[in-house]
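Observations on the three-dimensional arrangement
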Amino acid sequence: MKKKILDLAVIGSGLSALNFADEYSKNGKTINIISYKNEKMLTENNYGKLKDLPTQMRGKMNNVKNYFHSNNLIVENDCKVLGSLDFGGLSNYWGLQIDGYINNDQKINRKIFLSIENHFLKFLKKYNLVGSYFDNKDFLYKKDFKIPHQFETLIHKKNSNFYCKKPILGFFNQSKFKGDLNLINEKRSKLNSKNFFNNIKNNKKIIFHNYYVNKIFKKKDFFKVQCKNKNEEKNFYVKKLVLASGTIATTKLVADYLNYSKEIKIKHHPRLLSVFFSKKPIKFSLNFTPSILQIISSSKKDCYSADVRPGNKLITESIVEAFPFLKPVKLILNFFRHRTIFSNILLDTKYSNIFLRKNGKKFKLYCKKLNKKNLFNIKIKNIFKFLLKNQIIFPIYYSIFPGFGADYHYFGSIPFNGKGSLSVDNNCKLRGSKNIYVVDSSVFNFKTNKYPLGIMIANARRIGEHLSKI
Ligand SMILES: Cc1cc2nc3c(=O)[nH]c(=O)nc-3n(C[C@H](O)[C@H](O)[C@H](O)COP(=O)(O)OP(=O)(O)OC[C@H]3O[C@@H](n4cnc5c(N)ncnc54)[C@H](O)[C@@H]3O)c2cc1C
């Protein structure tokens, strides 16, 4: 029987894949999405050590186990990377903040950078996101939200070590929004893959295939994409292949395809989780309050930042779940949540410490020995002093390092215009290969930007438009 050769397939259903599909299919082109969408366990194998899931992912362990199993990944104990093989992947659980600024940390020329910025702006307008985007002094997009007065004053304070900005928030379609975050319908308007898909699912040109990709093979002028699901194996044959399965899965699939056996560095933003105690109560009634402020270090050599997230119901639930003996005092914890400020301090990418390497038929993810204490000590003290000096907090704090990889931002393994076979050109085409593209965070070096989902989305849309024209 003659093989059916598809024109284009994208691997993954996260926000990079769906945004690519949205642009690509705009002018009537058919697109195939290959992504597994069941929560059924694919294996009985017990990945027992993977138990530290972030608050938003409570109850999603099967998807996490399926991810590591299907991608043939062995994870060393001290490496805390995360992935999820469900419809939408990690994009379903992200923390809601997008940087309201874009820096060009990539090896791309100004024209490409401006095209990414242009797609970013178009995306903000199309989905009506909450927040503002400005270029030097001009607002290019404005849909401001209100934050408590004490934080608003920080934005206007002059300080040689830090500057403060409001992020853009991942809430969309709020036609009556007047700046009050408490009036947002969290479930319906969160910009996650499931909600995003609802916007585009009536597009008959988007065809969904419920499989995960096991391996990719190059044939004469097409690719054989070997896929599986719980019950069967299936091969797809495609002319153009677009990888959007999140940095770790994409890098593994590409390395396997190229038979690349050297060590690959995955860049990320090592994170310190801190709790501060607010002098004034911060009243938000959302189940999961987004971060409302970013405190960004002014240093160009060591770019780190901290976010400010008021305590919320979901975090209280997670604390009680992690420490069941606190159940009787849940009411008290909820009472004090208006006085707590959670903060992620995200470090410069130069402290990245996650590696991927072929290990027989599998791939291994690991970290190297690194003195964590010195990495964080100075930064947390600086942030603490800054908040204290500005009368925001009481003079106590608590912080914990959740491990390398528990920042959930993975990128930079197949960069723009890098050296060697693990790199892409300006249009995200894999170097030295024809018709294979990468549109997730693998291509970016997010050195300055710390909440870069927006840039990733913009770029995926740019390539979607580009490929739809050829
Ligand atoms: C708790 C949390 C909070 C976060 N907060 C923020 C934030 O505030 N701001 C920010 O910018 N970023 C944040 N992030 C990071 C953000 O979620 C990721 O950058 C984003 O999800 C990446 O999108 P993606 O589409 O590239 O990959 P993913 O969302 O990981 O999607 C990958 C897709 O590929 C599929 N897949 C994987 N392997 C295969 C395979 N072998 N075959 C077929 N399909 C496969 C998955 O099922 C999924 O559909 C956060 C992440 C987490 C977990």
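Structural data are supplied above this passage.
All figures in this text were calculated on a predicted structure; none of them were measured in a lab.

Looking at the overall build of the chain
- When you go through the chain residue by residue, the secondary structure sums to 11 helices and 21 strands.
- Relative to the globule expectation of 23 Å for 470 residues, the C-alpha radius of gyration of the chain, 22 Å, shows essentially globular dimensions.
- The principal-axis extents of the C-alpha atoms in the chain amount to approximately 75 × 50 × 40 Å.
- The proportion of buried residues among the 470 residues of the chain is 44%.
- A sequence separation of at least 24 residues applies to 73% of the contacts in the chain between residues at least 6 apart.

Describing the site of the ligand
- Taken together, 40 residues lie around the ligand, and Gly-12, Gly-14, Gly-89, Gly-95 and Gly-246 are the ones closest in.
- Contributing elements (two or more residues each) for the shell around the ligand: helix 1 (15–24), strand 4 (97–98) and strand 10 (212–218).
- Counting residues per element, the shell around the ligand draws most heavily on helix 1, at three residues.
- For the shell around the ligand, a count of residues per class yields 21 nonpolar, 17 polar and two charged.

Points about the environment of Ser-413
- Looking at the secondary structure, you find Ser-413 in the loop between strand 20 (393–400) and strand 21 (436–438).
- Once the C-alpha coordinates of Ser-413 and Ile-354 are considered, the two residues, 59 residues apart in sequence, prove to be 11 Å apart.
- Setting aside chain neighbours within four positions, we find Ser-413 in contact with Thr-247, Thr-251, Ile-264, Lys-265, Ile-266, Leu-422 and Ser-442.

Describing unusual backbone geometry
- At Asn-128, a residue that is not glycine, the phi angle is positive and equals roughly 55°.
- Within the secondary structure layout, Asn-128 lies in the loop between helix 3 (110–127) and strand 5 (131–135).

Focus on the packing of helix 3 against helix 11 (residues 453–468)
- The geometry of helix 3 relative to helix 11 is characterised by a closest axis approach of 8 Å and an angle of 105° between their N-to-C directions. By the angle between their directions, the pair helix 3 and helix 11 is classed as roughly perpendicular. Taking contact as the criterion, the partners of Ser-115, Ile-116, His-119, Phe-120 and Phe-123 in helix 3 are, on helix 11, Gly-454, Ile-455, Ile-457, Ala-458, Asn-459, Arg-461 and Arg-462.
- Of the residues in the contact of helix 3 with helix 11, the class split is six nonpolar, four polar and two charged.

So, the sheet that holds strand 19 (residues 362–366)
- Sheet architecture is open: four strands sit in the order 3-19-18-13, paired in mixed fashion. Each having just a single partner strand, strand 3 (73–75) and strand 13 (264–266) make up the two edges of the open sheet. Each strand axis lies, on average, 30° off the axis of its neighbour in the sheet, ignoring direction.
- Across three bridges, strand 13 lies against strand 18 (residues 354–359) in antiparallel orientation. Residue pairing for strand 18: Ile-266 is matched across the bridge by Ile-354.

Comments concerning the sheet that holds strand 16 (residues 305–310)
- With respect to topology, six strands assemble into an open sheet ordered 7-15-16-17-14-20, the strand pairing being antiparallel. Because the sheet does not close on itself, it has two edges, and the strands there are strand 7 (162–165) and strand 20. Along the sheet, successive strands turn relative to each other by an average axial angle of 25°, direction set aside.
- Pairing between strand 14 (residues 271–278) and strand 20: five bridges, direction antiparallel. The partner of Ser-274 across the bridge, within strand 20, is Ser-399.
- Each of strand 7, strand 15 (293–297) and strand 16 touches helix 4 (residues 149–156); the most contacted strand, strand 7, lies at about 125° to it.
- Contacting strand 7, strand 14, strand 15, strand 16, strand 17 (340–346) and strand 20, helix 10 (residues 372–389) runs over the sheet at an angle of about 155° to strand 20.

Considerations on the pairing of strand 18
- In terms of strand pairing, strand 18 meets strand 19 through five bridges, oriented antiparallel. Note on strand 19: the bridge partner recorded for Lys-358 is Phe-363.
- Between strand 18 and strand 19, which pair antiparallel one after the other, the connecting turn spans two residues, and Gly-360 there sits at a positive phi close to 65°.

Let's talk about the environment of Asp-86
- Relative to the elements of secondary structure, Asp-86 occurs in the loop between strand 3 and strand 4.
- Spatially, the C-alpha atom of Asp-86 lies 6.3 Å from that of Asn-38, the residues being 48 residues apart in sequence.
- Excluding anything up to four places from it in sequence, Asp-86 contacts Lys-37, Glu-39 and Asn-63.

Let's talk about the packing of helix 1 against helix 11
- For the pair helix 1 and helix 11, the least separation of the axes is 7 Å and the interaxial angle reads 35°. Pair helix 1 / helix 11 crosses with right-handed handedness. For the pair helix 1 and helix 11, contact is made by Leu-15, Ser-16, Asn-19, Phe-20, Ala-21, Asp-22, Glu-23 and Tyr-24 and by Leu-453, Met-456, Ile-457, Ala-460, Arg-461, Ile-463, Gly-464, Glu-465, Leu-467 and Ser-468, respectively.
- Grouping the constituent residues of the contact of helix 1 with helix 11 by class yields 10 nonpolar, four polar and four charged.

Some thoughts on the nonpolar core
- Grouped together as the largest cluster of nonpolar side chains are 96 residues, with contacts concentrated most on Ala-9, Val-10, Phe-20, Val-225 and Val-438.
- If one sorts the elements of this core by residue count, helix 11 sits on top with eight residues.
- The contact partners of Val-438, leaving out residues within four places of it in the chain, are Leu-243, Thr-250, Val-254, Ile-414, Val-424, Cys-428, Leu-430 and Val-443.
- Of all hydrophobic cores here, the second largest spans 22 residues; its members include Ile-296, Ala-306, Ile-383 and Leu-387.

A word on the environment of Tyr-67
- Among the structural elements, Tyr-67 can be located in helix 2 (residues 61–70).
- The spatial distance from the C-alpha of Tyr-67 to the C-alpha of Tyr-36 is 9.8 Å, given a sequence separation of 31 residues.

Calculation notes
Residues numbered from 1 in each chain as written. Predicted model: local features only at pLDDT ≥ 70, side-chain atom pairs only at ≥ 80, totals over all residues. Helix = DSSP H or I, 4+ residues; strand = E, 2+ residues; numbered from the N terminus. Rg over C-alpha atoms; globule rule 2.2 N^0.38 Å. Buried ≥ 20, exposed ≤ 12 C-beta atoms within 10 Å, placed from the backbone. Contact = placed C-beta atoms within 7 Å. Near = placed C-beta within 6 Å. Nonpolar A, V, L, I, M, F, W, Y, C, P; charged D, E, K, R; others polar. Axes fitted to C-alpha atoms, helices over the stretch in contact; angles between N-to-C directions. Parallel < 35°, antiparallel > 145°, perpendicular 65-115°, else oblique. Pairing = 2+ DSSP bridges. Left-handed = near helix turned anticlockwise from the far one by under 90°. Core = buried A, V, L, I, M, F, W, Y, C linked by C-beta atoms within 7 Å.

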